[in-house]
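Architecture and fold: a report
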Amino acid sequence: MPNEPSTGKRPRRRVFRTLLVVAALLVAGAGGLGIYYLQASVDTVGEVDFSERLAIPPIADSRVDAAGTRVFDLDIRAGETRFLDGPATRTAGVNGAFLGPTIRAHRGENLAFNVHNGLGETTSLHWHGMHVPAAMDGGPHQTVAPGSLWTPKWTVAQPAATLWYHPHLHGKTAEHVYRGVSGMFILDDDDNQFDDAAPFLGNLGTLGDELLVNGVHGPYVEVGSRLVRLRLLNASTARVYDFGFSDDRRFSLIGTDGGLLAAPWETTRLQLSPGERAEIVVAFRPGETTELRSYGGGEGLDGFTARVNGGADRFDVLQFRAADRLTDTTEVPAVLGAAPDVDVADVARMRSFELAGREINGATMDMDRVDFAVRKGTTEVWEVVNTNGYPHNFHVHDVQFQVLDVAGGAPPPPLRGWKDTVLLAQDKEYRLAMRFSDYSDPDSPYMYHCHLLTHEDEGMMGQFVVLGDGEETGGIPDSWHDHP
Ligand code: C2O
Ligand code: CU
Ligand code: CU
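Structure report, in brief. (Residues numbered from 1 in each chain as written. Chains lettered and ligands numbered in written order. Predicted model: local features only at pLDDT ≥ 70, side-chain atom pairs only at ≥ 80, totals over all residues. Heavy atoms only, no water.)

Observations regarding the overall build of the protein
A tally of helices and strands in the protein yields three helices and 33 strands. The buried share of the protein, taken over its 484 residues, is 55%. A fraction of 78% describes how many contacts in the protein between residues 6 or more apart in sequence connect residues 24 or more apart. Here the protein displays about 18,800 Å² of accessible surface, and carbon together with sulfur accounts for 48% of that area. (Helix = DSSP H or I, 4+ residues; strand = E, 2+ residues; numbered from the N terminus. Buried < 20%, exposed > 50% of the residue type's maximum accessible area, 1.4 Å probe, protein only. Contact = heavy atoms within 4.5 Å. Areas by Shrake-Rupley, 256 points an atom, 1.4 Å probe, with all protein chains shown as cover.)

In structure tokens:
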């Protein structure tokens, strides 16, 4: 086993090839007529020439300061990127013209960021899936004015997982994410080291009829090992993907939003709604070619609604070209991580959330209203239902939650790991258990919202604070009113 590092508790995990696929869809040039025609269905299967090598986002540079804190400099800026033939597209990115580097950190590390906003307009940077103090969360109350610097800090206190970062400015999240301000945030822990020499695969682009993977249109990637681990992020503003391979091969889901599953789950299809992540392992045969595809999954909607919301669309996403010789030094372990185990014997509070239209429980987001407070050190169960006829999902800041049940039944395998974002099938009640273990702050709320970013921007969001013993909500401080 020449390539296999010999240290670490579970060496098998160390040698997965690590590929990153960030999915985001790009609306290609809209033409000059000024008339927008809603194309009811898109199908790129067989149309993509896979002529561009997939770009892999670089790992963000960092330094460790005298106090042992790992420091990252993130510069949000505007730029131009050439995706297709013809004129360049006006884009935005972090430390570059489109998308951002992959931030990688280790469990237990102290992190500090210098986030500089060179975009020419106010934005913010949210650490999606990260357990951070509310004032560091980068939500709509932690805006960064043009030309200014924001310096959040925290200690990584959660298991290895595939997280991501993106702007979260109230009313403008979709626009900023769509232009390209997002990247991956990978957490490692001691049980879950990777072979850093392996190639990384990167992201996809935005919604419309053209698809970008890591900012590349029609990408291919060369595969050098039998097993490949893909980190999939749906960074699209609105589209739900139903991933599979062009030859319907089976693959293993090994991790979801908050970390590894207890055991791998074999499947041929995997749905991923905006904001969700999945880690999958795919096996290749020497010399073969296959494509990652998104099949029209219908999203559980009726025919017409599904069709006009992209539920019937199909995309050829990414082509894999296996080398004539593949290294073969590893297997998918039968036991991966620990199953979520929120103790629901002692639930402090049940709450209900009904999503319909652009409202949650009949209200739209108000920057000046804290919807509720939870107590530090307690466990809550949230019942969430989409009664609306349209696709919605539900994302909670601060915590990773456990899906207890869906419409009273056991959650399907992809919902049995730690989650921070869940797609809501029509009229089904999702019961989510979560524990608010620390980080109380009466003055800085966390968000919960639909992660279809236009819905979020149109107000499908609410906010809560975590209160320590004896703390009461302070109301909204005046300093919050300086948002645009
Ligand atoms: Cu991806 Cu409220 O965030
Ligand atoms: Cu988030
Ligand atoms: Cu929604």
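So much for the structure itself; the text now carries on.
Comments concerning the sheet that holds strand 12 (residues 183–188)
Across the sheet, which stays open at both edges, the four strands sit in the order 6-12-11-8 with mixed pairing between neighbours. At either margin of the open sheet sits one strand with a lone partner, and together these are strand 6 (103–106) and strand 8 (126–128). Across the sheet, the mean angle from the axis of one strand to that of its neighbour is 25°, orientation sign disregarded. As defined by bridge partners, strand 6 adjoins strand 12 across four bridges and the pair is classed as parallel. Its bridge partner being in strand 12, A105 is matched across the sheet by L187. (Pairing = 2+ DSSP bridges. Axes fitted to C-alpha atoms, helices over the stretch in contact; angles between N-to-C directions.)

Overview of the sheet that holds strand 26 (residues 372–375)
Spatial strand order, 26-33-32-28-30: five strands in an open sheet with mixed pairing. Since the sheet does not close on itself, it has two edges, and those belong to strand 26 and strand 30 (421–424), each with one partner. Between one strand axis and the next, the sheet turns through 30° on average, direction left out of account. Pairing of strand 32 (residues 446–449) with strand 33 (residues 461–467) involves four bridges; the strand directions are antiparallel. For M447, the partnering residue across the bridge sits in strand 33 and is Q463.

Quick look at the coordination of the copper ion (ligand 3)
Six octahedral donors at a metal ideally form angles of 90 or 180 degrees, and four tetrahedral donors ideally form angles of 109.5 degrees. Those protein atoms acting as donors to the copper ion (ligand 3) are H392 (ND1), C450 (SG) and H455 (ND1), and they sit at 1.9 to 2.2 Å. Considered as a linear motif, the donors of the copper ion (ligand 3) on their single chain read H-x57-C-x4-H. Both residues of the pair, C450 and H455, belong to the buried class. (Donors = N, O, S within 2.8 Å, 3.2 Å for Na, K, Ca; no water.)

Notes on the packing of aromatic side chains
By the definition in use, this model includes 29 aromatic pairs. With a centroid separation of 6.1 Å and 45° between ring planes, the pair formed by F394 and Y448 is classed as tilted. Residue F394 is located in strand 28 (residues 392–396), and its partner Y448 is located in strand 32; the two are separated by 54 residues in the primary sequence. The class for F394 is buried, based on a relative accessible area of 0%. Residue classification places Y448 among the buried residues on the basis of a relative accessible area of 4%. (Phe/Tyr/Trp six-rings, centres within 6.5 Å; stacked < 30°, edge-to-face > 60°.)

Concerning the coordination of the copper ion (ligand 2)
Looking at the copper ion (ligand 2), one finds its protein donor set to be H126 (NE2) and H395 (NE2), positioned 1.9 Å from the metal centre. With H126 in strand 8 and H395 in strand 28, this pair connects stretches of sequence that are 269 residues apart. By relative accessible area, which is 0% here, H395 ends up buried.

Some thoughts on the pairing of strand 28
The buried fraction of strand 28 amounts to five of the five residues, a majority that puts the element mostly inside the structure. By the alternation rule, side chains of strand 28 split into H392, F394 and V396 and N393 and H395, which are all buried. Alignment of strand 28 against strand 30, held across four bridges, turns out to be antiparallel. Paired with N393 across the bridge in strand 30 is L423. Relative to strand 32, strand 28 runs antiparallel, the two being bridged by two bridges. Directly across from H395, in strand 32, lies its bridge partner H449.

What to know about the environment of P159
Structurally, the position occupied by P159 is in the loop between strand 10 (153–155) and strand 11 (161–166). Through-space distance from the C-alpha of P159 to that of G258 is 7.5 Å; in sequence the pair is 99 residues apart. For P159, the residues in contact, after removing those within four places along its chain, are R107, L187, D189 and G258.

Brief notes about unusual backbone geometry
Phi is positive for N214, which is not a glycine, with a value near 55°. With respect to the secondary-structure elements, N214 resides in the loop between strand 13 (210–213) and strand 14 (216–217). In this structure N214 comes out as buried when scored by relative accessible area, which is 7%. For Y439, which is not a glycine, the phi torsion comes out positive at approximately 55°. In this structure, Y439 sits in the loop between strand 31 (430–436) and strand 32. For Y439, a relative accessible area of 22% corresponds to the partly exposed category.

Details of the environment of A235
Checked against the element boundaries, A235 lands in the loop between strand 16 (227–234) and strand 17 (241–245). The class for A235 is buried, based on a relative accessible area of 3%. Sequence separation of A235 and M184 is 51 residues, and the distance between their C-alpha atoms is 9.6 Å.

Quick word on the pattern of salt bridges
Here the structure, examined in full by the defined rule, presents 30 salt bridges. Between E175 and K172 there is a salt bridge, with its nearest N and O atoms 3.7 Å apart. The salt bridge involving R369 is made with D371; its shortest N-O contact spans 2.8 Å. Owing to a relative accessible area of 28%, D371 belongs among the partly exposed residues under this scheme. (Salt bridge = Lys/Arg side-chain N within 4 Å of Asp/Glu carboxyl O.)

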